[in-house]
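Take a look at the letters that make up each chain.
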Amino acid sequence: MSRKPELRGRAARLAQLLPTGRAQAARTPFVLLVVLLLGGGLIGLLVLNSALSEGAFRLDDLKRETKGLTDEEQALQRDIDAYSAPDALQRRARELGMVPGGDPAFLNPDGEVRGVPGPAAASLAPLVLAPEAPATATAPLPDTVPGTAPGTAADPPAASEAVPTTTPASNPGR
């Protein structure tokens, strides 16, 4: 009934170039290859997107941690500045029993003393002992000298020379 017409000439030559029965079989591997490439590309994009999202979350966590550490550093720097202020240093020195020094003297490299040293002014602040010092030691009162009866006044230079000086073994401010 429906019979294909025979082709002649140029049409016949072109018809010989086209495959007749194998057309479906040749397209299947190509379609599978395209589908696999598209699927692989989509999976690759999904993995890349997940990795970028994970990196963004990690970056946010690190920024938050950096901000917290920066705030802590600034608070510590404020504490250091407060402790190293001159009035705070003077107050802490008085708490430790320190007094302002007298006139200084200097040593030359040959051992000669330059200047006349003066004693430190006696203070009414209590003597604070180093942790290793015995707990029974006390500081003499400024108006008495060891070896004299309590309440006996002594000359001021002798009293200032008799005041024992202790140097703290540790530096609690640092």
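Rules used in this analysis
- Residues numbered from 1 in each chain as written.
- Predicted model: local features only at pLDDT ≥ 70, side-chain atom pairs only at ≥ 80, totals over all residues.
- Heavy atoms only, no water.
- Salt bridge = Lys/Arg side-chain N within 4 Å of Asp/Glu carboxyl O.
- Helix = DSSP H or I, 4+ residues; strand = E, 2+ residues; numbered from the N terminus.
- Patch = residues over 30% accessible without salt bridge, like charges linked within 9 Å, V, L, I, M, F, W, Y side chains within 5 Å.
- Areas by Shrake-Rupley, 256 points an atom, 1.4 Å probe, with all protein chains shown as cover.
- Buried < 20%, exposed > 50% of the residue type's maximum accessible area, 1.4 Å probe, protein only.
- pLDDT = per-residue confidence, 0-100.
- Contact = heavy atoms within 4.5 Å.

Under an unreviewed UniProt entry, the name given to the protein is Septum formation initiator family protein, and the organism recorded is Streptomyces prasinus.

This paragraph deals with the pattern of salt bridges. Enumeration according to the criterion identifies three salt bridges in this entry. The residue E95 makes a salt bridge to R92 at a minimum N-O spacing of 3.3 Å. With a gap of three residues between them, E95 and R92 both fall in helix α3 (residues 86-95), about one helical turn apart.

A cluster of nonpolar side chains, F30, V31, V34, V35 and L38, forms an exposed patch at the surface whose accessible area comes to about 480 Å². Summarising the element assignment, L38 is placed in helix α2 (residues 23-83). With a relative accessible area of 57%, L38 lands in the exposed category.

Taken over all residues, the pLDDT of the protein has a mean of 75, while the share at 70 or more is 63%. In the model, residues 133-138 has pLDDT below 50 throughout and makes two contacts with residues more than four positions away in sequence or in other chains. The low-confidence segment residues 148-170 (pLDDT under 50) makes 21 contacts with residues lying over four places distant or belonging to another chain.

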